[in-house]
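# Structural overview for review
Residue-level listing of the chains:
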Amino acid sequence: HHAMGKKKPPQPGGGSRSREGRNEAGAGEATSMLNMPAQGQAAAMQAGPAAVNPPGALVAGSLQFHLSKRTTPLPLRPGFGQKGRPVDVRCNLFPITSQLPELFHYDVELATEKESAEKLRPKVINRAIFLAAKALYGVPAWGGVPLAYDGIKNIIAARRLPFEDQTFPVEFEERTFTIRLRLVAIIGMAALSELLQGRSFDLAQDSLMALDIVVRHVPSFTLTSVGRSFFDPKMSHYLGLGINACFGFHSSVRPTQSGIALNCNTATTSFVGPVPLLELCSQLLGKRDVMDMRAGLRPQERLALLKTLKLLKIHVVHIGDQRRKYAISGISTQSAEDYKFDVPGKGKISVAAYFAQNYKALQFPRMAMVSVGNKTPPAMLPMEVCVVLAGQQYKRKLTGAQTQEMIKATCFRPSDREARIMKSLNTATEDNYLKSFGITINKNMPTVRGRVLNPPDLQFQKDVVKPQAGSWNLNRSSLFESGQLSCWGVVDATGFKGDHLVPFLQMLVQTMTNKGMKVSMRPRVTAAANPSPQAVEQAMKESAGQASREAGGRPPQLLLVVLRDKDPVYSHIKLVSDTMLGVPSQCMLAKHAKMPKDQYCANLCLKINSKLGSRNSILTAPFFKHYAEPYMVVGADVTHPAPGSLRPSIAAVVASHDRTATNYACAMRVQPSRQEVITDLEGMMTELLNAFGPYPPRRIIMYRDGVSEGQFSQVIEFELRAMRAACAKYGQGFDPQITFVVVQKRHHIRFFPATRNDADPKNGNCLPGTVIDTTICHPVHYDFYLIAHQGLQGTSRPAHYQVLHDDIGFTPDELQEMTNCLCYCFARATRSVSLVPPAYYAHLVAARAVCYLPEEDTVSIHSGDGGGPLPTLPAVHAA
């Protein structure tokens with residue numbers, strides 16, 4: 001495995017690396033040879049023995065939970081929380097026992113005469129080639145040793161193969177491939193016990209990676225894999241418009257305080273195909289059938305289809321038994337009848353005429369075609385000869401109707417989800433195969449001791465409210481700070497005629513008055529000519545001007561916009577109100593105005609009051625141990641564009657600027673597409689510090705959303721440094737204590753009450769305030785899980801909080817209680833929320849900023865990755 005000097009055999013326990021070699025490689029230089037492209041391996045080998053196989057980065061970019069070696073160590077757990085009522089819950093982490101002292105890691109290279117081992121192929125192709133080779137060589141040449149293949153570069157063997165480095169020819173799909181297996185490491189499983197005791201974290205990543213590949217081997221060959229989940233396309237639910245929800249399960253190996261465990265959970269994703277491309281297009285456009293496509297596509301239809309079809313894989317059916325596969329790169333503006341190309345010796349000919357001469361006449365010659373490949377000019381294919389390949393994940397955003405259908409199909413009560421998890425566990429684990437690797441999995445869901453934290457008391461104008469089951473009622477309470485609404489307008493964008501909004505507006509005004517707000521002007525209703533964005537914009541400008549004139553020239557405080565549907569015009573409304581008019585807007589759907597209800601009006605009142613800058617409620621007791629001194633609570637998030645989109649990413653940061661951490665200022669930036677680290681956090685924090693108040697904060701608590709475990713090191717090193725730079729820029733000697741906490745919602749840990757007494761009687765979920773920091777958390781790092789909300793439907797998903805830096809020195813009880821209390825301070829609801837509000841607000845701000853970007857179809861938007869300068873966000877006058 002070494003390029004320089006004599007080849008040394010791998011050593012048990014640590015592969016071919018030594019402790020000295022790990023130090024020489026340098027912190028943060030985790031560029032493992034495993035799963036690296038060939039050119040990357042060559043570069044690493046040229047660097048000398050010390051650069052080969054540095055720890056902690058096996059299967060770079062493939063196994064998400066493996067962390068690279070850190071330059072900044074994460075803080076260790078200072079202890080365990082004690083406050084709260086003890087409660088028992090079950091958790092979907094199943095203990096794993098490994099009996100073999102070592103496993104053998106082999107590097108895999110697949111090549112042909114024309115294609116080198118560097119060529120990246122789909123995992124499904126690599127696995128098919130591996131199976132063909134195993135059938136041919138498994139027993140005679142490979143000794144019948146149990147093997148596990150990850151579909152890329154790595155094979156884990158239960159025993160040493162009869163050779164260390166050998167190449168084998170294999171026939172696959174009428175081509176001759178060579179498969180080279182090369183021993184690169186002997187992985188000692190004893191490192192796992194070291195990890196559980198807080199030692200040798202980097203070395204244990206090898207063992208975790210090996211276990212993960214073995215456990216995932218069988219389902220990866222029998223099911224369709226997407227990320228770290230597996231799906232059976234036969235198990236599906238139709239969502240509409242040619243898209244199906246497919247059911248499956250997530251599987252991953254994780255270290256916990258009680259040992260190594262398999263995280264198994266139900267999973268659902270959307271798939272498209274197999275379906276004729278023309279049929280899919282007719283469904284996407286809402287046509288009755290494909291015959292409605294005979295006239296071709298209108299320009300707006302073409303643009304709408306392009307968003308969905310781009311990068312979709314298809315095969316053609318007009319060349320007999322040949323099933324050539326392509327990826328769609330675009331949609332032509334010309335039809336098959338109009339588009340012409342050169343035929344050698346025959347001059348120009350239309351695609352329709354070419355098909356009539358060589359295959360058969362097209363049924364839809366007026367229809368646009370799809371372009372495939374990356375040549376210039378691209379190859380063009382009529383849609384009617386294309387079929388969408390099966391097993392393709394649909395990565396575009398679902399429509400509102402599809403989303404509702406998805407929620408219906410996946411909204412499992414806790415008892416149902418628990419049963420589905422146990423069924424999935426049997427599919428995910430093939431006992432006889434795992435036993436050949438010395439691996440056993442305990443299929444009993446373990447019981448974990450948690451605690452239920454008490455909810456905080458909420459102060460309103462005249463009374464104190466004690467939340468029950470994560471919610472409270474405003475019927476008899478007035479808002480803590482009541483805003484004054486003296487200049488506002490209403491825009492009717494429903495298209496309905498008459499005074500249908502009058503009864504609703506009367507109830508809304510009465511509700512706001514009952515909650516203590518001062519509403520001194522009855523708004524006029526301005527009807528939009530039609531529900532189009534341009535007509536709604538015109539009506540908003542008219543309504544704002546009219547309200548201002550009636551208020552003696554004062555600027556309007558609010559525009560209430562009533563919509564028939566949200567999707568078509570919502571983004572444009574926010575663009576107009578925030579960047580053109582400088583007036584906060586509140587959107588609502590017409591169905592809520594048709595039969596007005598007190599509860600809906602009360603919820604609308606909360607949103608309106610907060611948009612006027614007032615506080616709906618505050619916590620009665622200090623939730624922070626340094627409450628008496630100035631402090632700032634910060635939330636940050638980055639939202640990324642959909643796959644295939646040219647849009648950039650949006651970073652948003654919010655920060656409290658009052659003692660109760662209720663009111664927040666925000667900053668937002670455009671940054672290169674799909675970059676998670678916030679590039680201008682220093683500038684954004686400088687803005688927020690300047691907006692904080694006359695006295696700078698002594699302490700800053702950052703809740704950072706959207707960071708995966710593999711990004712912890714990069715984020716903490718860059719973003720913590722940026723926060724300190726902003727503080728240094730703010731003033732000489734200003735050096736506040738900073739605690740940096742990552743909050744994660746996209747994980748697969750679930751908790752189920754062990755008894756009915758510990759369950760929410762309405763839905764069977766864990767009670768709001770349930771916190772777990774023992775047994776199933778990280779062996780040494782400072783993390784905990786919190787269910788702060790009442791799950792209204794389905795199974796509650798806990799938020800996972802991971803402390804990456806802690807100057808303030810929170811005890812577990814202090815941090816957990818503060819986080820739980822903050823979840824009761826979300827301004828737009830009368831119930832606690834699942835995600836700590838600063839992170840929630842940052843997510844909302846980032847989503848709002850997307851509304852300010854120009855349409856991708858009409859304006860060239862660069863992602864910042866070499867395609868040109870990033871777009872700039874317009875000035876925002878009201879959030």
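Structural notes, computed from the coordinates. Along each chain, numbering runs from 1 in the same order as the chain's sequence is written. pLDDT decides what is reported in this predicted model: residues at 70 or higher carry local features, side-chain atom pairs at 80 or more are listed and counted, and totals for whole chains, interfaces and linings draw on all residues regardless. To obtain the side-chain values, all non-hydrogen atoms of the structure were included, while hydrogens and water were left out.

With respect to topology, 5 strands assemble into an open sheet ordered β4-β5-β3-β7-β6, the strand pairing being antiparallel. Every other strand in the sheet has two partners, leaving β4 (147–149) and β6 (165–172) as the edge strands with one partner each. Averaged over all neighbouring strand pairs, the angle between strand axes comes to 30°, with direction disregarded. In this description, strands pair whenever DSSP reports at least two bridges between them. Every helix listed is a DSSP run of H or I at least four residues long, and every strand listed is a run of E at least two residues long, numbered separately from the N terminus. Pairing between β6 and strand β7 (residues 175–188): 8 bridges, direction antiparallel. Bridge pairing in β7 places Q166 opposite L181. Whether two residues are in contact is decided by their heavy atoms, any of which lying within 4.5 Å being enough. All axes are obtained by fitting lines to C-alpha atoms, using only the stretch in contact for helices, and the reported angles, taken between N-to-C directions, cover 0 to 180 degrees. Each of β3 (102–111), β4, β5 (154–157), β6 and β7 touches helix α3 (residues 123–137); the most contacted strand, β6, lies at about 105° to it.

Turning next to the side chain of N616. Here N616 is to be found in the loop between α16 (598–611) and β31 (618–619). You can call N616 buried: its relative accessible area is 6%. Side-chain polar atoms of N616 contact the backbone oxygen of L606, separated by 3.2 Å. Definition of a polar contact: a pair of N or O atoms within 3.5 Å, with one able to donate and the other able to accept a hydrogen when the atoms are protein atoms, and with sequence-neighbouring residues admitted only if both atoms are side-chain atoms. A polar side-chain atom of N616 sits 2.8 Å from the main-chain carbonyl oxygen of A827. Excluding its chain neighbours within four sequence positions, the residues that come into contact with N616 are F460, L479, F480, L606, N609, S610 and A827. Burial classes follow relative accessibility: with a 1.4 Å probe on protein chains only, a residue under 20% of its type's maximum area counts as buried, one over 50% as exposed, and anything between as partly exposed.

Turning next to the pattern of salt bridges. Here, a salt bridge means any Lys or Arg side-chain nitrogen found within 4 Å of an Asp or Glu carboxyl oxygen. Per the counting criterion, the structure on display carries 40 salt bridges. A salt bridge links E115 to R121, with the shortest nitrogen-to-oxygen separation between them at 3.2 Å. The class for E115 is buried, based on a relative accessible area of 17%. Residue classification places R121 among the buried positions, given a relative accessible area of 13%. As a salt-bridge pair, R704 and E676 come within 2.9 Å of each other at their nearest N and O atoms. Placement of R704 in strand β35 (residues 699–705) and of E676 in the loop between β34 (664–671) and α17 (681–690) is noted, with a sequence separation of 28 residues between them. Residues R704 and E676 agree in their burial class; the two are buried. Where salt bridges share partners, they join D107, E109, K153, D165, R180 and R182 into one cluster.

Of all 14 residues in strand β11 (residues 259–272), 13 are buried, a share of seventy percent or more. Relative to β11, strand β2 (residues 93–98) runs antiparallel, the two sharing 3 bridges. Residue pairing across strands places F94 opposite L262, the latter belonging to β11. The pairing of strand β10 (residues 243–256) with β11 spans 14 bridges and is classified as antiparallel. In the strand pairing of β11, I243 is matched with V272. Count of turn residues in the β10/β11 antiparallel hairpin: 2 residues.

Don't take any of this as a statement about function, it's just geometry.
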